[in-house]
Amino acid sequence: MAKITLDNLAHSYLPNPTSEDDFALKELNHDWVDGEAYALLGASGCGKSTLLNIISGLLHPSQGRILFNDRDVTNDPTTKRNIAQVFQFPVVYDTMTVRDNLAFPLRNRGADAAYVAQRVQQIAGMIGMEDMLNRKARGLTADAKQKISLGRGMVREDVNALLFDEPLSNLDVQLRATMRTELASLLGRLNTTVVYVTHDVTEALALADRILVLDQGRAVQLDTARAVFSRPATPWVAAMAGFSSRLVPQVVRHDESTAHATFGGESLRGQACGEGPDGEPHVFIHPDAVTLAEGLHAVEEGTVSGVVQSCVYEGRGYRVTVHVADAGQVTVMSPWALEVATTVALAIDPEGVLVFGRAA
Ligand code: ADP
Ligand code: MG
């Protein structure tokens, strides 16, 4: 177990990078706290694997240092870093039995036979393969092989860190959901520093204490899962967290934390955030923040009126699309049907409103 420090770290795959655009990973300073589980979340190509491979030593960074418990390991090979890494594709020895595959990392380190037998049994139980220990890996399904890979990753208890690179992304949907839940409880019981790479928001939420969000090689937010989803730092994170954006005519910032935006002719309060997309003022509204208000017209702060455009039954209620003048469409759930072309008032909870953009 170790604290992992990234010190002025950056990486370019080009031999002579000139501009920031040449860097797959922009300069990053960060401590991964010992024993915490982190998700590295971002779209495909944003630099997640690059960062993970630098931590494990598969890749030498073009700039900066990496430290384990304050010791510089930048030039140490993978074997000296004492980490375990699980990849997207299974890494198993086909000619070996499941048992020998699981035991391999332990035997390789000279663990004694009694401990190996006991630990392999324990891990086999965790991944649900106790009945298959004597089977050769050859001939097992891709899903089973990936479970072995996960087991091999977790078998050693003395690693500095456990690194996962999208280990569930090639499993079928059903198994992915099951494994996500199982892995969440497994990781909760481990005392190891975990870095879990994923592009899947649900996985990040389920598996990590904290989430580091990467956008085009840049670390844009590091926070608890709750904070990432209630106070996204950038428009891109907000969109990923399920907020939908609207271009607005004007933003008035009051202080560090609150701002108003002109929205549907009203003044809509929300959390003051940074620069808007393309430098334009925007509000981002979370779908859960919008409810039908009493009465037909905007009567108080946080309430806007609009005209019903469509109303579709969805089992748990009606999904109603409302057109708000100058602000576009807003969706709200209603327990009863609403007639098209009628005017309704919408209450918008300021907690679910992000106001991006400089004050005019
Ligand atoms: P992710 O894991 O988030 O999908 P990667 O870290 O694999 O992203 O890639 C980040 C960027 O670096 C991408 O633009 C990718 O094309 C580029 N890249 C990755 N590996 C190499 C490589 N070996 N050589 C050159 N460019 C690479
Ligand atoms: Mg990757």
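If you're wondering where the values come from, they're calculated on a predicted model, not measured in any experiment.

Reading the values: the criteria
Residues numbered from 1 in each chain as written. Chains lettered and ligands numbered in written order. Predicted model: local features only at pLDDT ≥ 70, side-chain atom pairs only at ≥ 80, totals over all residues. Heavy atoms only, no water. Pairing = 2+ DSSP bridges. Helix = DSSP H or I, 4+ residues; strand = E, 2+ residues; numbered from the N terminus. Axes fitted to C-alpha atoms, helices over the stretch in contact; angles between N-to-C directions. Contact = heavy atoms within 4.5 Å. Buried < 20%, exposed > 50% of the residue type's maximum accessible area, 1.4 Å probe, protein only. Phe/Tyr/Trp six-rings, centres within 6.5 Å; stacked < 30°, edge-to-face > 60°. Expected span 1.5 Å × (residues − 1). Core = buried A, V, L, I, M, F, W, Y, C linked by side-chain atoms within 4.5 Å. Salt bridge = Lys/Arg side-chain N within 4 Å of Asp/Glu carboxyl O. Near = heavy atom within 4 Å. Polar contact = N/O pair within 3.5 Å; in protein donor to acceptor, adjacent residues only side chain to side chain. Areas by Shrake-Rupley, 256 points an atom, 1.4 Å probe, with all protein chains shown as cover. Nonpolar A, V, L, I, M, F, W, Y, C, P; charged D, E, K, R; others polar. Parallel < 35°, antiparallel > 145°, perpendicular 65-115°, else oblique. Left-handed = near helix turned anticlockwise from the far one by under 90°.

## Focus on the sheet that holds strand β19 (residues 328-334)
Then comes step 1: Taken together, the five strands give an open sheet; going across it, the order is β16-β20-β17-β18-β19, and neighbouring strands pair in antiparallel fashion. The open sheet terminates on both sides in strands that have one partner only, identified here as β16 (290-292) and β19. Here the average twist between neighbouring strands, direction ignored, is 45°.
Then comes step 2: The sheet contact formed by strand β17 (residues 303-313) and strand β20 (residues 343-348) spans five bridges and is antiparallel. Bridged to Val307 within β20 is Thr343.

## Here's the deal with the sheet that holds strand β2 (residues 25-32)
Sheets are built from strands that pair by backbone hydrogen bonding, the pairs being arranged parallel or antiparallel.
Then comes step 1: Spatially, the four strands line up as an open sheet ordered β2-β1-β4-β5, and their pairing is antiparallel. Looking at which strands have only one partner, the edges of the open sheet turn out to be β2 and β5 (71-72).
Then comes step 2: By the bridge criterion, five bridges tie strand β1 (residues 4-11) to strand β4 (residues 63-68) in an arrangement that is antiparallel. Within β4, the residue paired with Asp7 across the bridge is Arg65.
Then comes step 3: Contacts from helix α1 (residues 48-56) reach β1, β2 and β4 within the one sheet, and its direction differs from that of β1 by about 125°.

## Quick word on the environment of Leu168
Then comes step 1: Note that Leu168 resides in the loop between β7 (161-165) and α6 (173-189).
Then comes step 2: Residue Leu168 is classed as buried on the basis of its relative accessible area, which comes to 0%.
Then comes step 3: A C-alpha to C-alpha distance of 9.1 Å links Leu168 and Phe87, two positions 81 residues apart in sequence.
Then comes step 4: Beyond its immediate stretch of four places on either side in the chain, Leu168 contacts Leu150, Arg176, Met179, Arg180, Leu183, Tyr196 and Glu203.

## Remarks on the packing of aromatic side chains
Then comes step 1: What the rule picks out here adds up to five aromatic pairs.
Then comes step 2: Their ring planes at 50° and their centres at 5.0 Å tell us that Tyr93 and Phe104 sit as a pair that is tilted. In this pair, Tyr93 sits in the loop between β6 (83-86) and α3 (98-108) while Phe104 sits in helix α3, placing the two residues 11 residues apart along the sequence.
Then comes step 3: Tyr93 gets classed as partly exposed once you look at its relative accessible area, which sits at 35%.
Then comes step 4: With a relative accessible area of 28%, Phe104 lands in the partly exposed category.
Then comes step 5: On the basis of an interplanar angle of 40° and a centroid distance of 5.4 Å, the ring pair of Phe164 and Tyr196 is categorised as tilted. You can see Phe164 sitting in strand β7 and its partner Tyr196 sitting in strand β8 (residues 193-198), a full 32 residues away along the chain. As far as the burial class goes, Phe164 and Tyr196 line up, both buried.

## A look at helix α5 (residues 142-154)
Working note: α-helix, 3.6 residues per turn, so residues spaced by three or four point in the same direction.
Then comes step 1: Here α5 contains 13 residues, and its C-alpha end-to-end distance of 19 Å stays within 8% of the 18 Å for a straight helix at 1.5 Å per residue.
Then comes step 2: Along α5, the positions that sit buried rather than exposed are Ala144, Lys145, Gln146, Lys147, Ile148, Ser149, Leu150, Gly151, Arg152, Gly153 and Met154.
Then comes step 3: Check the buried side of α5 and you find it contacts β6, α3, α4 (113-126), β7 and α6.

## Here's the deal with the nonpolar core
Then comes step 1: Core analysis: the largest hydrophobic core is formed by 36 residues, its most contacted members being Leu102, Leu150, Met154, Phe164 and Leu183.
Then comes step 2: Those elements giving two or more residues to this core turn out to be β6, α3, α4, α5, β7, α6 and β8.
Then comes step 3: For this core, the leading source of residues is α6, giving five residues.
Then comes step 4: If near-sequence neighbours (up to four positions away) are discounted, Leu150 is found in contact with Val86, Phe164, Pro167, Leu168, Met179 and Leu183.
Then comes step 5: If you look at the next biggest cluster of nonpolar residues, it comprises 25 residues, including Leu6, Trp32, Ile55 and Ala161.

## Regarding the pattern of salt bridges
Oppositely charged side chains are able to pair whenever their charged atoms sit close together.
Then comes step 1: Per the counting criterion, the structure on display carries 13 salt bridges.
Then comes step 2: The residue Asp94 makes a salt bridge to Lys145 at a minimum N-O spacing of 3.2 Å. Of this pair, Asp94 sits in the loop between β6 and α3 while Lys145 sits in helix α5; the two residues are 51 residues apart in sequence, bridging distant segments of the chain.
Then comes step 3: Taking the shortest distance from any N to any O, the salt bridge between Arg119 and Glu157 comes out at 3.8 Å. In this pair, Arg119 sits in helix α4 while Glu157 sits in the loop between α5 and β7, placing the two residues 38 residues apart along the sequence.
Then comes step 4: A relative accessible area of 47% means that Glu157 is categorised as partly exposed.
Then comes step 5: Through salt bridges with shared partners, a single network forms among Asp7, Arg65 and Asp72.

## What about the site of ligand 1?
Then comes step 1: Taken together, Tyr13, Ala24, Ala43, Ser44, Gly45, Cys46, Gly47, Lys48, Ser49 and Thr50 make up the full set of residues near ligand 1.
Then comes step 2: In the environment of ligand 1, an oxygen atom lies 2.5 Å from a nitrogen or oxygen atom belonging to the side chain of Thr50.
Then comes step 3: Alone, ligand 1 offers 570 Å² of accessible surface; in the complex the protein occludes 53% of this.
Then comes step 4: Looking at the shell around ligand 1 residue by residue, the classes come out as four nonpolar, five polar and one charged.

## Some words on the packing of α3 against α5
Then comes step 1: Running from amino to carboxyl end, α3 crosses α5 at an angle of 30°, the nearest separation of the two axes being 7 Å. With respect to each other, α3 and α5 are oriented roughly parallel. Note that α3 runs across α5; the crossing there is right-handed. Residue-level contacts link Val98, Asn101, Leu102, Phe104 and Pro105 of α3 to Ile148, Gly151 and Arg152 of α5.
Then comes step 2: Across the contact of α3 with α5, the residue classes break down as five nonpolar, two polar and one charged.

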